[in-house]
Amino acid sequence: MATGHADPQRRERILAATLDHIAEAGVAGVSHRKIAARAAVPLGSMTYHFSGMDDLLRQAFTRFADQIVAVFEEYLSRAEGPEQAREAVTDLVHTLSDGPRRDLILTQELYTLAARRPEYQELTQAWMRRSRQLLERHFDPDTARQLDALIEGLALHRALDNGAPHSRALTSRAVLRITTA
């Protein structure tokens, strides 16, 4: 029986293929066969590395959430003082909204899954906790909660407004209002 040692990146390729497939076809379009083909791995690798479809989806979405939290960390760790923290939040909104459409779709697919299934609510709650902890380095917990929602909402609105997404100045004013109220 093959152990996968000849291909140490197989599990990561499967997770990446899962996220790519979800971004193109949605969670409903995921199957072991489709992911195995996309990752160019034998179908048996799916059950070797993952206990089932839910395990695959949870691990893939956890990987995605980790990537987004890393973006939060990148921007917020540079801030020294409230003004720089506000600027970092503004930068974060624009980075997320101007980023890959794939990330926007994956976020919405995860939120839809979480709205339907409690085990995915736990995943999104853990993601939000981590984001808020990063924001709490600079803001009180209530403000961090409001900023987290603002970041998600403004990034979504900017990304979906194909006509004329709102400006950086508008984002800065919204961040200022929340952080100085």
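Residues numbered from 1 in each chain as written. Predicted model: local features only at pLDDT ≥ 70, side-chain atom pairs only at ≥ 80, totals over all residues. Heavy atoms only, no water.

> Give me the lowdown on the pattern of salt bridges, citing residues and values where you can.
For the coordinates displayed, the defined rule picks out 14 salt bridges. The salt bridge partner of D20 is R102, with a shortest N-O separation of 2.9 Å. Of this pair, D20 sits in helix α1 (residues 10–25) while R102 sits in helix α6 (residues 101–116), and the two are 82 residues apart along the sequence. By relative accessible area, which is 26% here, R102 ends up partly exposed. In this structure, the salt-bridge partner of D103 is R102, at a minimum N-O distance of 3.5 Å. The network of salt bridges with common partners includes R11, E12 and R63. (Salt bridge = Lys/Arg side-chain N within 4 Å of Asp/Glu carboxyl O. Helix = DSSP H or I, 4+ residues; strand = E, 2+ residues; numbered from the N terminus. Buried < 20%, exposed > 50% of the residue type's maximum accessible area, 1.4 Å probe, protein only.)

> I'd love a proper account of empty space enclosed by the protein, names of residues and values included.
Tallied over the entire structure, the rule returns one cavity of 30 Å³ or more. Approximately 40 Å³ is the volume attributed to the largest cavity. Looking at the lining of the largest cavity, the elements with two or more residues in it are α7 (118–135) and α8 (141–160). With three residues, the top contributor of residues to the lining of the largest cavity is α7. (1 Å grid on protein atoms, 1.4 Å probe; cavity = no way out; pocket = protein on both sides within 12 Å on 5 of 7 lines; lining within 4 Å. Points joined across faces, edges and corners; volume = space filled by probe spheres on them.)

> I'd love a proper account of unusual backbone geometry, names of residues and values included.
Despite not being glycine, A40 has its phi angle at roughly 55°, a positive value. Locating A40 in the fold gives a position in the loop between α2 (32–39) and α3 (44–49).

> Can you lay out the packing of helix α4 (residues 53–76) against α7 for me, pointing to particular residues and giving the numbers?
Interhelical geometry of α4 versus α7 gives an angle of 10° and a closest axis separation of 10 Å. Between α4 and α7, the crossing angle belongs to the class labelled roughly parallel. Its residues assigned to classes, the contact of α4 with α7 comprises 13 nonpolar, two polar and six charged. (Axes fitted to C-alpha atoms, helices over the stretch in contact; angles between N-to-C directions. Parallel < 35°, antiparallel > 145°, perpendicular 65-115°, else oblique. Nonpolar A, V, L, I, M, F, W, Y, C, P; charged D, E, K, R; others polar.)

> Break down the nonpolar core for me, with residues and values.
Within the largest apolar cluster, 49 residues are counted, with the highest numbers of intra-cluster contacts made by I14, F61, F72, V89, L135 and L147. If one sorts the elements of this core by residue count, α4 sits on top with eleven residues. Setting aside chain neighbours within four positions, we find I14 in contact with I35, A39, V41, S45, M46, H49, F50 and L56. (Core = buried A, V, L, I, M, F, W, Y, C linked by side-chain atoms within 4.5 Å. Contact = heavy atoms within 4.5 Å.)

> How would you sum up the packing of aromatic side chains? Please name residues and give values.
The full count for this structure, using the stated rule, is two aromatic pairs. For the ring pair F64 and W127, a centre distance of 5.9 Å and an interplane angle of 85° mean the geometry is edge-to-face. Of this pair, F64 sits in helix α4 while W127 sits in helix α7; the two residues are 63 residues apart in sequence, bridging distant segments of the chain. The burial state of F64 is the same as that of W127; both residues are buried. Feature note: the residues F64, Y111 and W127 constitute an aromatic cluster, connected by ring pairs. R78 extends its terminal NZ or CZ atom over the ring of Y75, reaching a point 4.7 Å from the ring centre. (Phe/Tyr/Trp six-rings, centres within 6.5 Å; stacked < 30°, edge-to-face > 60°. Lys NZ or Arg CZ within 6 Å of the ring centre and 35° of its normal.)

> An account of α2 is needed here, citing residue identities and associated values.
Buried within α2 we find I35, A36 and A39. For α2, the arc enclosing every buried residue in end-on projection is 100°, short of the 170-degree limit, so these residues lie on one face. Among the exposed residues of α2, those pointing more than 90 degrees away from its buried face are R33 and A37. Looking at the buried side of α2, the elements it contacts are α1, α3 and α4. Remark: A40 follows α2 within two positions and exhibits a positive phi of approximately 55°. (Arc of directions from axis to C-beta.)

> Please provide a residue-by-residue account of the layout of surface pockets, values included.
Its volume calculated, the largest pocket comes out at about 260 Å³. The wall of the largest pocket is formed by 17 residues, among which I68, L96, D103, L104 and T107 lie closest to the centre. Those elements giving two or more residues to the lining of the largest pocket turn out to be α4, α5 (82–98), α6 and α8. Looking at the lining of the largest pocket, the element that brings in the most residues is α8, giving five residues. When grouped by side-chain class, the residues that make up the lining of the largest pocket number ten nonpolar, five polar and two charged.

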